[in-house]
Amino acid sequence: MQKSVRYNEGHALYLALLARKEGTKRGYLSKKTAETNRWHEKWFALYQNVLFYFEGEQSARPAGMYMLEGCNCERVPAPKGCSAGSAKDAALDKQHYFTVLFGHEGQKPLELRCEDEVDGDEWVEAIHQASYSDILIEREVLMQKYIHLVQIVETEKIAANQLRHQLEDQDTEIERLKSEIVALNKTKEKMRPYQGNQEDEDPDIKKIKKVQSFMRGWLCRRKWKTIVQDYICSPHAESMRKRNQIVFNMVEAESEYVHQLYVLVNCFLRPLRMAASSKKPPISHDDVSSIFLNSETIMFLHEIFHQGLKARIANWPTLILADLFDILLPMLNIYQEFVRNHQYSLQVLANCKQNRDFDKLLKQYEANPACEGRMLETFLTYPMFQIPRYIITLHELLAHTPHEHVERKSLEFAKSKLEELSRVMHDEVSDTENIRKNLAIERTIVEGCDILLDTSQTFIRQGSLIQVPSVDRGKLSKVRLGSLSLKKEGERQCFLFTKHFLICTRSSGGKLHLLK
């Protein structure tokens, strides 16, 4: 008879207590017994590489424990017996099973299950990591890093001592130089009485010295003039002139854009808001908001940006623009809302123009001299082109900015951010227009069409097709050429999408009916 294995039960109970309080993973799991093949729900707690299980969460003494060193845990499918049609088997089918495989033969695997898939994944991952050998490997890696850091600290200490000695040597050298300067000053003061005698030198010598002084000045000015002329004709100077011209054109374009936004807000937006508040409003406040959206906010943003540009021009020839773009870039997301709403705003404006009172009022606003004969649609289109204009300007500016220039990296970053924003805006406009087109087609169908509510499909084209009845090939040409009534009866309105092809008939009222 084999003797039972002795172990320190008191220490095991202490570890079980730690597992209940500080375990890596704790919770209820169902455990399959090896004797009866039945499942019993137990409360499990994982502490380091030991897995304890209790009869309940409040149990003080563990019912058993498993050593997980060298074990492997993996998910397994539900047993085949769970595929029956009863309600109990259906509930068992929702369970998530996993097993703990021990690293030697003769030991049956520990079969566990839980109701939540996420909880099961967490248990599998926690048991995978419960290995003392992995901890030893991690400790060895950390110890090597610690030794490396200690070596770096020692090297830095040696370098600091060397620098300290150099500073002391330099202080000594400075004191020596100071003493030499004091000695030279004393010698110079002793020689001053002898210099007074030089004032009685020959007048011809004075004239020669004066001519030599003029010649040295002329040669120096000529040298600097040659240097300046060479620089003016150099490629670098030409590049800087073009760069400055691009900046000046940018300031003028920004001034014109701010003026256009000012006309949009003060000649259209604010008067229409007042008209919407009148007793007989020709337009509602919702329509005004749909047409103009955040135009006023865009105007305030670009007024601030324009003031910053003018302040930079005042400091010419020093032109630093990168910090202005750093301030502007986080705020340009408001353009996404405006661009996304642009097509819808034009549709709302077209619908409002069908009201005679609104159309008359709008023509009165457009007759303002500040509009210069331009219509409201023109002013609503200007913000659509501002982001691409900034991208083109930065591209030209970078073409004439040297690679070692202090603003080079900042301007490249601003250009990349603007290009990313432009791509996002283009994609959003395409998606929004596609959704609106699908919804417009869905509203024309009397019965409705749920498949058009799928946002992942894209509209391709639409048109009228003639449905030809099944006839022989010999008679097909006669059917094509001979019967106008056949065209009228067989004409169908068709819509082609990336996922579906819809065939509809048009009623006398203009509505569409989806063919079955």
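Owing to the predicted nature of the structure, the values given are computational and were not obtained by experimental measurement.

Reading the values: the criteria
- Position numbers for residues count from 1 along each chain, tracking the sequence in the order it is written.
- Reporting in this predicted model follows two pLDDT cut-offs: at least 70 for local features of residues, and 80 or more for side-chain atom pairs to be given and counted; totals over whole chains, interfaces and linings ignore these cut-offs and use all residues.
- Only heavy atoms go into the side-chain values, all of them from the structure, while hydrogens and water stay out.
- Helix and strand labels come from DSSP, where a helix needs a run of H or I of at least four residues and a strand needs a run of E of at least two; each type is numbered from the N terminus.
- In this scheme, a residue with accessible area under 20% of its type's maximum is buried, one over 50% is exposed, and one in between is partly exposed, where area comes from a 1.4 Å probe on protein chains only.
- Note on contacts: a residue pair is in contact if any heavy atoms of the two residues lie within 4.5 Å.
- Per-residue and other accessible areas follow the Shrake-Rupley method at a 1.4 Å probe size, with only the shown protein chains counted as cover for residues.
- Two strands qualify as a pair provided DSSP detects at least 2 bridges between them.
- Axis geometry follows a simple rule: fit a line to the C-alpha atoms, using only the stretch in contact for helices, then measure angles between N-to-C directions, giving values from 0 to 180 degrees.
- UniProt positions are given in the numbering used here, feature names are shortened, and annotations may be inferred rather than shown by experiment.
- One speaks of a salt bridge when a side-chain nitrogen belonging to Lys or Arg is within 4 Å of a carboxyl oxygen belonging to Asp or Glu.
- Patches draw on residues past 30% relative accessible area with no salt bridge. Two like charges within 9 Å are joined, as are two nonpolar side chains (Val, Leu, Ile, Met, Phe, Trp, Tyr) within 5 Å.
- Pairs were defined over the aromatic rings of Phe, Tyr and Trp, the Trp ring being its six-membered one, requiring ring centres within 6.5 Å. Orientation was assigned from the angle between planes: stacked under 30 degrees, edge-to-face over 60, tilted for the rest.
- A ring is scored as having a charge over it whenever the NZ atom of a lysine or the CZ atom of an arginine sits within 6 Å of its centre and within 35 degrees of its normal.
- Any two cysteine sulfur atoms within 2.5 Å of one another count as a disulfide.

Caption draft 1: Expanded view of the overall build of the protein chain. Counting secondary structure elements, the protein chain contains 16 helices and 11 strands. Taking all 516 residues of the protein chain together, the buried fraction comes to 32%. Long-range contacts, defined here as pairs at least 24 residues apart, represent 59% of the contacts in the protein chain between residues at least 6 apart. For the protein chain, the accessible area works out to roughly 35,300 Å², and carbon and sulfur atoms hold 55% of it.

Caption draft 2: Representation of the pairing of strand E7 (residues 110–114). With four of its five residues buried, E7 lies for the most part within the structure. Bridging between strand E1 (residues 25–32) and E7 involves two bridges; their strand directions are antiparallel. Bridged to lysine 31 within E7 is leucine 112. Direction of pairing for strand E6 (residues 96–101) relative to E7: antiparallel, over a ladder of five bridges. Within the sheet, the bridge partner assigned to threonine 99 lies in E7 and is glutamate 111.

Caption draft 3: Representation of the sheet that holds strand E9 (residues 491–497) in the model. Pairing within the open sheet is antiparallel, and its four strands lie in the order E8-E9-E10-E11. Where the open sheet ends on each side, the last strands, each with one partner, are strand E8 (459–466) and strand E11 (512–514). Looking at each pair of strands side by side, their axes are set apart by 30° on average, direction ignored. Sheet topology places E8 next to E9; seven bridges connect them, and they run antiparallel. Among the inter-strand pairings, leucine 465 is bridged to a residue of E9, identified as arginine 492.

Caption draft 4: Examining the UniProt feature "coiled-coil region" (unreviewed entry) in the protein chain more closely. Those places that UniProt annotates as "coiled-coil region" (unreviewed entry) correspond, in this numbering, to residues 160–187. Segment residues 160–187 splits into 100% helix and 0% strand. End C-alpha atoms: 41 Å apart.

Caption draft 5: Fine view of the pattern of salt bridges. Taken as a whole and judged by the stated rule, the model has 16 salt bridges. Where arginine 176 meets glutamate 180, a salt bridge forms, and the shortest distance between an N and an O atom there is 2.4 Å. In this pair, arginine 176 and glutamate 180 both sit in helix H4 (residues 132–195), four residues apart, roughly one turn of the helix. By relative accessible area, glutamate 180 is classed as partly exposed at 36%. Taken together, the shared-partner salt bridges connect Lys25, Asp119 and Glu122 into one network.

Caption draft 6: Summary view of a nonpolar patch on the surface. A surface patch of nonpolar side chains, amounting to about 490 Å² of accessible area, comprises Ile460, Leu465, Leu496, Phe501, Ile503 and Leu515. Of all the secondary structure elements, the ones that give two or more residues to the nonpolar patch are E8 and strand E10 (501–506). With respect to the helices and strands, isoleucine 503 occurs in strand E10. The exposure class of isoleucine 503 is partly exposed, given its relative accessible area of 31%.

Caption draft 7: Up close: the packing of aromatic side chains. Applying the stated criterion across every chain, the model contains eight aromatic pairs. For the pair phenylalanine 459 and phenylalanine 497, a centre-to-centre distance of 5.7 Å together with 70° between the ring planes defines the contact as edge-to-face. Of this pair, phenylalanine 459 sits in strand E8 while phenylalanine 497 sits in strand E9, placing them 38 residues apart in sequence. Both residues of the pair, phenylalanine 459 and phenylalanine 497, belong to the buried class. One aromatic cluster is present, built from ring pairs that chain together Phe44, Tyr53 and Tyr66. The ring centre of phenylalanine 54 lies 5.9 Å from the NZ or CZ of arginine 20, which sits over that ring.

Caption draft 8: Broad picture of the state of the cysteines. Going through the model one piece at a time under the given rule, you end up with zero disulfides. The closest cysteine sulfur to the non-disulfide-bonded cysteine 449 is located on cysteine 504, 7.4 Å from its own sulfur.

Caption draft 9: Summary view of the sheet that holds E1. On the basis of which strands lie adjacent, the open sheet formed by seven strands has the order E4-E3-E2-E1-E7-E6-E5 and antiparallel pairing. Whereas interior strands pair on both sides, the edge strands pair on one side only; in this sheet they are strand E4 (64–67) and strand E5 (72–76). Neighbour-to-neighbour, the strand axes of the sheet open up by a mean angle of 35°, direction not taken into account. In this structure, E5 lies alongside E6, joined through five bridges in antiparallel fashion. Note on E6: the bridge partner recorded for glutamate 74 is threonine 99. Relative to the sheet, helix H1 (residues 9–22) contacts E1, strand E2 (39–47), strand E3 (50–54) and E4, its axis offset from that of E2 by approximately 90°.

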